[in-house]
Amino acid sequence: MQSWPRPNVPRLPGTGQPLRLHDTATGEIRPTAPGATARMYVCGITPYDATHLGHAATYLAFDLIHRLWLDAGHDVHYVQNVTDVDDPLLERAAQTGEEWSVLAAREIELFRTDMTALRILPPREYVGAVETVGEVADGVSRLLASGAAYLVDDDLYFSLEAAPRFGYQSGLDTASMLTLAAQRGGDPERAGKKDPLDPLLWRAARPGEPAWDSELGPGRPGWHIECAVIALNRLGDVIDLQGGGADLAFPHHEMSAAHAECLTGTWPFARHYVHAGMVCLDGEKMSKSRGNLVLVSRLRESGVDPAAIRLALLAEHYRADRSWTSERLAQAQDRLTRWRAAVDRPAGPGAAPLLAEVRALLADDLATPAALAAVDRWAAEATTYGGSAAAAPGLVRELVDALLGVAL
Ligand code: 5CA
Ligand code: ZN
């Protein structure tokens, strides 16, 4: 699958600090410690509707992580998937009468356009479920051979008995797991499973559903094993970060880590499990199924500068559940205007302390509200500055571009 174009990232003087991030599994903010190459897997979209501000906020959080690792001197191997065949997509296509693959292709293209406009650094490998059916089927076969998978009718399930550490990531009790699994793509009520939480690995072909031939017979992969195998085959047995929105912590990331650990015999699958808060509209999580979406493409069409969308989303911390309001967007547009006026001046107060401050704040679990406030203070001083430090506006322009992804 084709990724999207990479925006230029200016190189800043010196080196960024080691990045500390909140890890869902331990509940702590801990240092990330990648080697020369940081390995990051972030779950991609299910392309049945257009990119909304919730998606944008989540991909923006991982974009900052990407930028901070680059600034700290790491190469970043970033992999993202596209769930381009799955029940919600097939259901939507059935409702509208559109071919599921046509719907997916259109929404993937729109997502690429939105990500490009938002200056989100692209994954090095952007990988579709459809193009990886064979390798995922191979992973399922290996689980079957090791005794970790079993049949229910013609479908294959993963036995959680094969995952002794299951639950370490979310730390949830069984009752909460059962409720969330039922809401988020699981089937705890299905008869014949050893444990109601056991997740689907391979769904045998059904009339009217797409299916692929494989060593397991015709069918299609389950959701969690897809992400596990796509990540393992490209990034190796242990990755630095697995990420997504908070609604993926359970069951998706818990299950995909259990699959990966069972396949490799290594624990943990990811050194950090990182989850972004949910963006709401009128108090409800913004979601395709609720239909309360603010679309990035629609905002762009109405003339909103994507840099203002970025600033509006960065004005609150990535782990907070946030509400989108038109007031928030207006504040971001005002901030963008002030910053642009400040860097357009011929001179400004020294920018090296600001660079050090922004680096330190972002390295502390992405403290974006404080980082934006620091740039605000510099911009306010710049408007009354009478000195001749002519290099400062250029450095501020570059640091805001490299670290926050905002082109001034
Ligand atoms: N394809 C799967 C992952 S393999 C999937 O969850 N797709 S998605 O299109 O539903 O979501 C894509 C990403 O956006 C996920 O990380 C999800 O957690 C995040 N997301 C969805 N809705 C919101 C929201 N309202 N606020 C913040 N993030 C959201
Ligand atoms: Zn995923």
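First things first, this report covers the structure right here in the doc. (Residues numbered from 1 in each chain as written. Chains lettered and ligands numbered in written order. Predicted model: local features only at pLDDT ≥ 70, side-chain atom pairs only at ≥ 80, totals over all residues. Heavy atoms only, no water.)

Topic: the overall build of the protein chain
Right, on to step 1. Within the protein chain, the secondary structure is distributed over 13 helices and 14 strands.
Right, on to step 2. At 22 Å, the protein chain has a C-alpha radius of gyration in line with the 22 Å of a compact globule built from 408 residues.
Right, on to step 3. Overall, the C-alpha framework of the protein chain stretches about 80 × 45 × 35 Å when taken along its three principal axes.
Right, on to step 4. By residue count, 56% of the 408 residues in the protein chain fall in the buried class.
Right, on to step 5. Taking the intrachain contacts of the protein chain between residues at least 6 apart in sequence as the baseline, contacts between residues at least 24 apart amount to 80%.
Right, on to step 6. By element, 51% of the accessible surface of the protein chain is carried by carbon and sulfur atoms, the whole surface being about 16,000 Å². (Helix = DSSP H or I, 4+ residues; strand = E, 2+ residues; numbered from the N terminus. Rg over C-alpha atoms; globule rule 2.2 N^0.38 Å. Buried < 20%, exposed > 50% of the residue type's maximum accessible area, 1.4 Å probe, protein only. Contact = heavy atoms within 4.5 Å. Areas by Shrake-Rupley, 256 points an atom, 1.4 Å probe, with all protein chains shown as cover.)

Re the site of ligand 1
Right, on to step 1. T46, T58, T83, D247 and M286 are the nearest of the 24 residues found near ligand 1.
Right, on to step 2. Note that an oxygen atom of ligand 1 is positioned 3.5 Å from one of the side-chain N or O atoms of H55.
Right, on to step 3. Interatomic distance of 2.8 Å between a backbone N/O atom of V279 and a nitrogen atom of ligand 1.
Right, on to step 4. Looking at the shell around ligand 1, the elements that each hand over two or more residues are α1 (53–71), α6 (223–235) and β10 (239–245).
Right, on to step 5. The leading source of residues in the shell around ligand 1 is α1, at 4 residues. (Near = heavy atom within 4 Å. Polar contact = N/O pair within 3.5 Å; in protein donor to acceptor, adjacent residues only side chain to side chain.)

Here we look at the layout of surface pockets
Right, on to step 1. Taken as a whole, the second largest pocket encloses approximately 270 Å³ of empty space.
Right, on to step 2. Along its surface, the second largest pocket is lined by 13 residues, and P10, R11, L12, L70 and D71 are the ones closest to its centre.
Right, on to step 3. Tallying contributions element by element places α1 first for the lining of the second largest pocket, with 3 residues.
Right, on to step 4. Taken together, the residues of the lining of the second largest pocket sort by class into 6 nonpolar, 4 polar and 3 charged. (1 Å grid on protein atoms, 1.4 Å probe; cavity = no way out; pocket = protein on both sides within 12 Å on 5 of 7 lines; lining within 4 Å. Points joined across faces, edges and corners; volume = space filled by probe spheres on them. Nonpolar A, V, L, I, M, F, W, Y, C, P; charged D, E, K, R; others polar.)

Some points on the pairing of strand β2 (residues 28–31)
Right, on to step 1. Bridging between strand β1 (residues 20–23) and β2 involves 4 bridges; their strand directions are antiparallel. Bridging across to β2, H22 finds its partner in I29.
Right, on to step 2. Between β1 and β2, which pair antiparallel and follow one another directly, the connecting turn spans 4 residues, one of which, G27, has a positive phi of 70°. (Pairing = 2+ DSSP bridges.)

Focus on the sheet that holds strand β4 (residues 75–82)
Right, on to step 1. Here we have 5 strands laid out as an open sheet, ordered β5-β4-β3-β10-β11, and parallel in their pairing. The sheet is open, and its two borders are formed by β5 (125–128) and β11 (270–276), each paired with just one other strand. Geometrically, the sheet is characterised by an average inter-axis angle of 20° between neighbouring strands, direction not taken into account.
Right, on to step 2. By the bridge criterion, 3 bridges tie strand β3 (residues 37–42) to β10 in an arrangement that is parallel. Pairing of Y41 across the sheet is with Q242, part of β10.
Right, on to step 3. Of the strands in this sheet, β10 and β11 touch helix α7 (residues 249–264), which is tilted by about 155° from β10. (Axes fitted to C-alpha atoms, helices over the stretch in contact; angles between N-to-C directions.)

Here's the deal with the environment of D240
Right, on to step 1. If you trace the backbone, D240 turns up in strand β10.
Right, on to step 2. The spatial distance from the C-alpha of D240 to the C-alpha of S159 is 26 Å, given a sequence separation of 81 residues.
Right, on to step 3. For D240, the residues in contact, after removing those within four places along its chain, are A33, P34, T37, A38, R39, W69, R271 and H272.
Right, on to step 4. Among the polar contacts listed, one links the side chain of D240 to the backbone nitrogen of R39, at a separation of 2.8 Å.
Right, on to step 5. Here R271 takes part through its side chain, which lies 2.9 Å from a polar atom of the side chain of D240.

Considering the coordination of the zinc ion (ligand 2)
Right, on to step 1. For the zinc ion (ligand 2), the protein coordination sphere consists of C43 (SG), C227 (SG) and H252 (NE2), at 2.1 to 2.3 Å.
Right, on to step 2. Geometry at the zinc ion (ligand 2) is tetrahedral, judged from its 4 donor atoms and the angles of 104 to 118° they form at the metal.
Right, on to step 3. In terms of primary sequence, the donors binding the zinc ion (ligand 2) are separated according to C-x183-C-x24-H. Taken together, the residues C43 in the loop between β3 and α1 and C227 in helix α6 connect sequence positions 184 residues apart. Neither C43 nor C227 differs from the other in exposure class; each is buried. (Donors = N, O, S within 2.8 Å, 3.2 Å for Na, K, Ca; no water. Tetrahedral: all angles 85-135°; square planar, octahedral: opposite > 155°, others 65-115°.)

Here's the deal with helix α13 (residues 392–404)
Right, on to step 1. Compared with the 18 Å implied by 1.5 Å per residue over 13 residues, the 17 Å span of α13 between its first and last C-alpha is a close match.
Right, on to step 2. Among the 13 residues in α13, 10 count as buried, and that is most of the element.
Right, on to step 3. Those residues of α13 that sit buried are A392, P393, L395, V396, L399, V400, D401, A402, L403 and L404.
Right, on to step 4. Against α1, α9 (306–314), α10 (326–343), α11 (352–363) and α12 (368–383) lie the buried residues of α13.
Right, on to step 5. Backbone geometry just downstream of α13 places G405 in the positive-phi region, at approximately 75°. (Expected span 1.5 Å × (residues − 1).)

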